[in-house]
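Structural features, examined
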Amino acid sequence: MKKSFRVKKSNDFEAIFKAKNSFANRAFIVYMVENDRKHFRVGLSVSKKLGHAVTRNRIKRLIRAVLKDLRPELVEKDFVIIARKGVENFTFAQVQKNLIHVLTKSKIIRSTDEKKEN
């Protein structure tokens, strides 16, 4: 994912968390805030409690792969995805299903009506 699509600075993370606009399911928590850009930005957080570096990087790779597939459907917001305990054992299909669920719940994925307009 290009740098322009990533939330990297701690100030940006803090601003997203301070907005207190969160949605969750059993696998992920998503915090989000409006932005003034023409595209979304995403930050990923995977705790050391989920495993060693190899495991954490695998989880982040899976999340990025799902986001790459969903890229045209994502709205112009900044959001942070936090992986919960248990995700380290998920397959790609399970990560995809749970991530789509929480992003739809948070309205980060455009609805079918919005897709027709664009």
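Now for a description of the structure that goes with this document. What you are looking at is a predicted structure, and each value in this text was computed from that prediction instead of being measured. (Residues numbered from 1 in each chain as written. Predicted model: local features only at pLDDT ≥ 70, side-chain atom pairs only at ≥ 80, totals over all residues. Heavy atoms only, no water.)

1. Considerations on helix 2 (residues 53–70)
Over its 18 residues, helix 2 extends 26 Å from the first C-alpha to the last, a length consistent with the 26 Å expected when each residue adds 1.5 Å. Buried residues of helix 2: R56, I59, L62, I63, V66, L67 and L70, and no others. Across the axial projection of helix 2, the buried residues extend over an arc of 135°, all falling on one side. Relative to its buried face, helix 2 has exposed residues pointing more than 90 degrees away, namely V54, R61 and K68. On its buried face, helix 2 sits against strand 2 (28–34), strand 3 (41–45), strand 4 (77–83) and helix 3 (92–105). (Helix = DSSP H or I, 4+ residues; strand = E, 2+ residues; numbered from the N terminus. Expected span 1.5 Å × (residues − 1). Buried < 20%, exposed > 50% of the residue type's maximum accessible area, 1.4 Å probe, protein only. Arc of directions from axis to C-beta. Contact = heavy atoms within 4.5 Å.)

2. Re the environment of N25
Relative to the assigned elements, N25 resides in the loop between strand 1 (22–24) and strand 2. Taking the relative accessible area as the measure of exposure, N25 reaches 9% and is therefore buried. Put simply, N25 and V87 are 62 residues apart on the chain and 11 Å apart in space, counted from C-alpha to C-alpha. If we skip the residues at most four places from it in the chain, N25 touches R84, N98, H101 and V102. There is a polar contact of 2.9 Å between the side chain of N25 and the backbone nitrogen of F28. There is a polar contact of 2.8 Å between the side chain of N25 and the backbone oxygen of N98. (Polar contact = N/O pair within 3.5 Å; in protein donor to acceptor, adjacent residues only side chain to side chain.)

3. What about the nonpolar core?
Among the nonpolar cores identified, the biggest contains 28 residues, and F28, L74, F79, I81 and L103 are the most heavily contacted of them. Mapped onto this core, the elements with two or more residues apiece are strand 2, helix 2, strand 4 and helix 3. With 6 residues, helix 2 is the single largest residue contributor to this core. The residues touching L74, leaving out its near neighbours within four places in the chain, are F40, L67, F79, L103, I108, I109 and R110. Of all hydrophobic cores here, the second largest spans 6 residues; its members include V7, F13, I29 and V80. (Core = buried A, V, L, I, M, F, W, Y, C linked by side-chain atoms within 4.5 Å.)

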